[in-house]
Every structure is written in C-alpha cells, then in structure tokens.
Amino acid sequence: GCFLLWLLPSILRARASPETRPSSPLCQQSPTKVSCKGVGLQKFPKELGQGIKYLELSNNFIQNLSGSNMPGFGQLEYLDVCFNQLESVSASALAELPRLRSLLLGSNHLDRNYLANGEAFHLLRNIEVLDLSANNLESHMASWYISNLTSLRVLDLSGNTMTKLLAGTFRSSARLRRLDLSNNYIMEIQEGAFEPLEELEVLNLALNSLHCISGFSLMQLQVLNLSHNALELFSEEEGAEPYLLRVLDLSHNRLLSFPELSRARDLTHLNLSNNLIASLLPGSPHPREFVLPYKEMQRFNRTVRPMAALTHVVHLDLSNNRLELFPFSFFHSLGSLHSLSLARNCLQDVARDPVANGTELSVRSLDLHSNALRVLPRWFFDSLPHLESMDLGSNSLQPCESRGSDQGRDLGGDSRTSAPRDTCTPFYNVPRLKHLNLSKNNISRLQPHTFHRTPLLSLDLSGNRDLSMPTGALGGLELSLQELSLRDNQMDEAALPCLGTLRVLDLSGNRLSLLPTGLSCSPLESLDLRNNNLQALGTVGSWSHSLRAVSVAGNPWSCCSLGWLD
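Every value quoted in this text rests on a predicted model; they were computed, and no experiment measured them.

Rules and cut-offs
- Residues numbered from 1 in each chain as written.
- Predicted model: local features only at pLDDT ≥ 70, side-chain atom pairs only at ≥ 80, totals over all residues.
- Heavy atoms only, no water.
- Helix = DSSP H or I, 4+ residues; strand = E, 2+ residues; numbered from the N terminus.
- Buried < 20%, exposed > 50% of the residue type's maximum accessible area, 1.4 Å probe, protein only.
- Salt bridge = Lys/Arg side-chain N within 4 Å of Asp/Glu carboxyl O.
- Contact = heavy atoms within 4.5 Å.
- Core = buried A, V, L, I, M, F, W, Y, C linked by side-chain atoms within 4.5 Å.
- Domains from an automatic or database assignment.

S.K.: I would appreciate a short explanation of unusual backbone geometry in the present structure.
M.R.: Most of the time, phi is negative for any residue but glycine, and the peptide bond is trans. The phi dihedral of asparagine 59 falls on the positive side, at around 60°, and the residue is not glycine. Tracing the backbone through its elements, the reader meets asparagine 59 in the loop between strand 3 (54–56) and strand 4 (64–65). In this structure, arginine 453 is a non-glycine residue whose phi angle is positive, near 60°. Within the secondary structure, arginine 453 is located in the loop between strand 25 (435–437) and strand 26 (458–460). Here arginine 453 falls in the partly exposed class, since its relative accessible area comes to 45%.

S.K.: Any chance you could explain the pattern of salt bridges here in plain terms?
M.R.: Between side chains of opposite charge, pairing is possible as soon as their charged atoms come close. Considering all chains together, one arrives at 10 salt bridges under this definition. With a shortest N-O distance of 2.8 Å, glutamate 87 and arginine 112 are connected by a salt bridge. Placement of glutamate 87 in the loop between strand 5 (78–80) and strand 6 (88–89) and of arginine 112 in the loop between strand 7 (102–104) and helix 3 (114–121) is noted, with a sequence separation of 25 residues between them. A relative accessible area of 25% places glutamate 87 in the partly exposed class. Where arginine 378 meets aspartate 382, a salt bridge forms, and the shortest distance between an N and an O atom there is 3.5 Å.

S.K.: What should I look at first to understand the environment of lysine 33 in this one?
M.R.: With respect to the helices and strands, lysine 33 occurs in strand 2 (residues 33–35). Here lysine 33 falls in the partly exposed class, since its relative accessible area comes to 41%. Separated by 43 residues in the primary sequence, lysine 33 and leucine 76 place their C-alpha atoms 9.5 Å from one another. In contact with lysine 33, not counting residues within four places along its chain, are Gln28 and Tyr54.

S.K.: Would you mind showing me how to read the nonpolar core here?
M.R.: Inside soluble globular proteins, nonpolar side chains tend to come together where they are buried. Of all hydrophobic cores here, the largest spans 142 residues; its most connected members are Leu181, Phe326, Phe331, Phe380 and Met390. Of all elements in the fold, only helix 2 (91–95), helix 3, helix 4 (139–145), strand 14 (212–216) and helix 5 (378–382) reach the threshold of two or more residues within this core. The two domains that each donate at least three residues to this core are domain 1 (33–127) and domain 2 (461–565). Setting aside chain neighbours within four positions, we find phenylalanine 331 in contact with Leu280, Leu316, Leu318, Phe326, Leu337, Leu340, Leu342 and Leu361.

Any functional reading would require information that these geometric values do not contain.
Next comes the structure, spelled out in structure tokens:
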C-alpha cells in the first residue's frame, strides 16, 4: 500500500495533459497556493511551475536561492523561507519575482553574505512585507538590506544583534507602518533615526537595552512597546501638538516616577508594571539613592500632574512597583478609566484629597492583590460606584458585619466606619460588585450578612486558615452567587445558606467530615471535595441532573457507604 501511494503522484503526472502543473508529492497544493512546510527540502522546488501566488517553504534545509532554481515563478506574491539554512540570495533569483509583495526570511543565516545579498535586495522594489528576524544581523547589516526598499510597509528585524539605530537606517523606508526591533541589544538611537518614518503606526522596541527616551517625537505613532529595557526616563519632545499614541507599554523598566505624557491625549492603554515607582503624588521627591543623571529631568516641573491630559485611558497597570499609598486624587482626572491594577506593591493605606470629597471614579475592575492593606473605608467603595470586579487577595483585610437590611450608605459618615482606627472593611451595600477575591487575608471569621446587598456572582475565600463561617455569614447571596471557593481553609465545618444559583463550589483542602447542609438547594455543576475527611457523600439526588465534574481524591471513603456513586 505504501509503495502504491508513493507511485501515485508519478502516475498522475504521466497521465496529465501538457497544461497540467507538475506537483511535489510532499507538498499541499491548490491552484495558486502551495505549502511545503517541513518536508525536508534542500533546494527550491522548481518543479512546481506556473501560476503560484503563495508559496510556503518554512522549516526546511534550503541554503540558497538562485535564479536557476526559480524559473516560472513570475506570479509569486508571497514567499516564506523562514527556519531554513539560507545564507545566499542571488540577484538573478529575485529578478524572477517581479510581483513579490511579502518575503519572510526569519531564522536563517543572512549575516554570512550580507553585502551580496543586500545588493540583490535592491531588486525588491515592490516588496511591502519583509521578515529578517533572527538572522544575527548587526546594525550596519540591517541598514544595508533595507537601503533601497521604498515600498516597505511592514518590517521585522527582531531577534538580531543590533546595538544601535543608525541615523540613515530608514532613509528609504518612508512608507513603513509597522516596525519590530524587539529582542536586540539596542542601547542607542541616533538623532533623526526615525525622522523619515512619518507613516509609522506600530513600533516594538521591547527587550533591548535602552536607558533613556528623550524628546519622543513620533507624532503619528499609535502603538509603542518599550517593555523590558532599562529605562529611567521617558520624556516628550517640547511642543503643543498632541500625539496619536493609543497604546504605550513601559513595563519591566527602571522608571522612578510617572512618565511625562501631557501630549498623549488619545492614550487608552498604559502599562507601567514592574518599575520602581514609589509615589504618584505631584511634588514627590526622588528617592535618596537617585541622582538626576539626565539634564532633561532637571526641567521637569514636579508640581504638574503628568496624568492631567490622560482623559481617555481605559486600562492602567501599575502593578509590581513600590507604591505605599493609594492616592485617590491622582486618578480623578482619568474619567474613562475602567481597569486599574496596583497589585504587588507595598500599599498600606488609601489617601483621599479633602478638596475632592465626593468625587467618583469610573473604575470597573480593580486589582489590589498582594499588598499590605489592613482596611478600606466606606468612602472608598462609595467613590467607586461602577466597581464590578475586585481582587484583594493576599492582604490583611477583615470584613465588617452588616447590622441589618437598612445598613449601607446611611453609615457613610459614621466615624466608626470611616475613621482611620477602623479595623474592618465593609463589603456590604456595594450594589454593582459581582466578583470579589478575598483569598489569603488571614480572615478568621465571617460576620453575619457580610455581603448584604452586594450581588456577588463569584466569591473567593480560599487560603484563610481556620476560617469560621457561622449561619448567615453569606446571607444575602442566595439569589446571585454562582461560584464559591473555600479551598485550603482547614475548616472543620461550613454553614451555607440555600444558594439557589450556585454552580461551582471548591471545598478542597479542608477537614470536613460532613457536607454543608444547605447544598441540597444548589444546582451544582462542579464540586471539588479533594483532601477532606469525608467517608460518604450522603444524598446527592438534587445534583444528579446538574453535576458535570466532581473531584473526590484524598478522602477516607468508606467502602460500605458508596451508594451515592449510583
């Protein structure tokens, strides 16, 4: 059978009419598209013939492209030769490809004959997409390869060995829209290097060694990735004309303060995570160990609020910094902010500007996990009327007791609720909050009606060792709660109300010998009971039609009481 299958392509070619295109037996073909990906080719498959517009040759062993191997490919528009052993591209070969628009040559050895190859590239007058990533190209080699490509729209030079951007590198590439320079060793950008790129929209400079961006002047740029560098400074060019920048990633750098972005008025996504920012308040001094190394920093007016113009920011990530205070006033001008992360900082308190009393933030998702918060006052929740999701895991927050159905905003001015000496956080009467994570907060006891009038859909109380849940602790969630985690609490018992919408329950990692009595009310679909002290499940009739997944390992099941398995 194998013999006949190998013979079949030859038989078909023998019977084909003269107009029929010959085929390669290991390639997938259609009238204009051929894929020979990873079939072990060592040279260009010239037998494919006329009419092909799309040719994929990636993951093979091709070492050179020569004119003698490429007759009849005049219609080719897309050629992928990535992940080969390519080191030579002849002018005669590229002369056979007058209609080529996309050329992908990533992960080859184009550093070896770069002078001759670059000369050949001068014939690619119509090329719009070029991938030269991971070719061990140094700065001058990359410049030579693209020195005459006037039609380029997309260029990938990532994963090479470039150490600087030369002033004339993009002199002939004025039409570039997308440029990827990530994962190089770029330490210097010579003045005017980007000046010809007046149409550039997306620029990726991540994973380089840049220390300073001074006089940023790419007015038309919409997406800029500068993550994973060593940036200590990011400053704008002086002037009044606004930038078109929408997405800016400055994560994983060494920024000590919020960057100067007064002209980035269209910015919607800003990532400042994994930096060294210790304060967001205007006028904050630099840390003692920091000496101003750049003359540009000395002109900063530290009383000017750098976020004053950021009225369109939707997502702001400040996680993994050194913030000790949540400065509420800092976020007042961010009227479009929906998602805010201050996770993994050193937050101990929240600060409200007396002048801004009553100001409401538009935040819907707030991540404060892995800080040192001990209390959130009532006014904090009142100032976040749109809050839907809140992650407070790995803090030290103790929930307050709601003292009846009339509690809530009436307590907003109660000194016992909002004074700095408060020791508990009121999670009741937060009318739009749907998702709450209170894992690993060392909560010892849930008070009755802790979440009264807070219509939670999901609640995570895991990792609170020896948690006590008296009757009524989850009162008020009977008609809303769908997912509940009580994992790894070492609880001996748990009292649950009749949770009529509960579908996912995690009780693993406790010491339960009996299931909570209220569970018979719940239409459970997923139940995790691993690592408890259960000998039997008792009646599970109410779940027989709803339950889809159940985990029961790590329990001392009694083999005389397994009727529930039926």
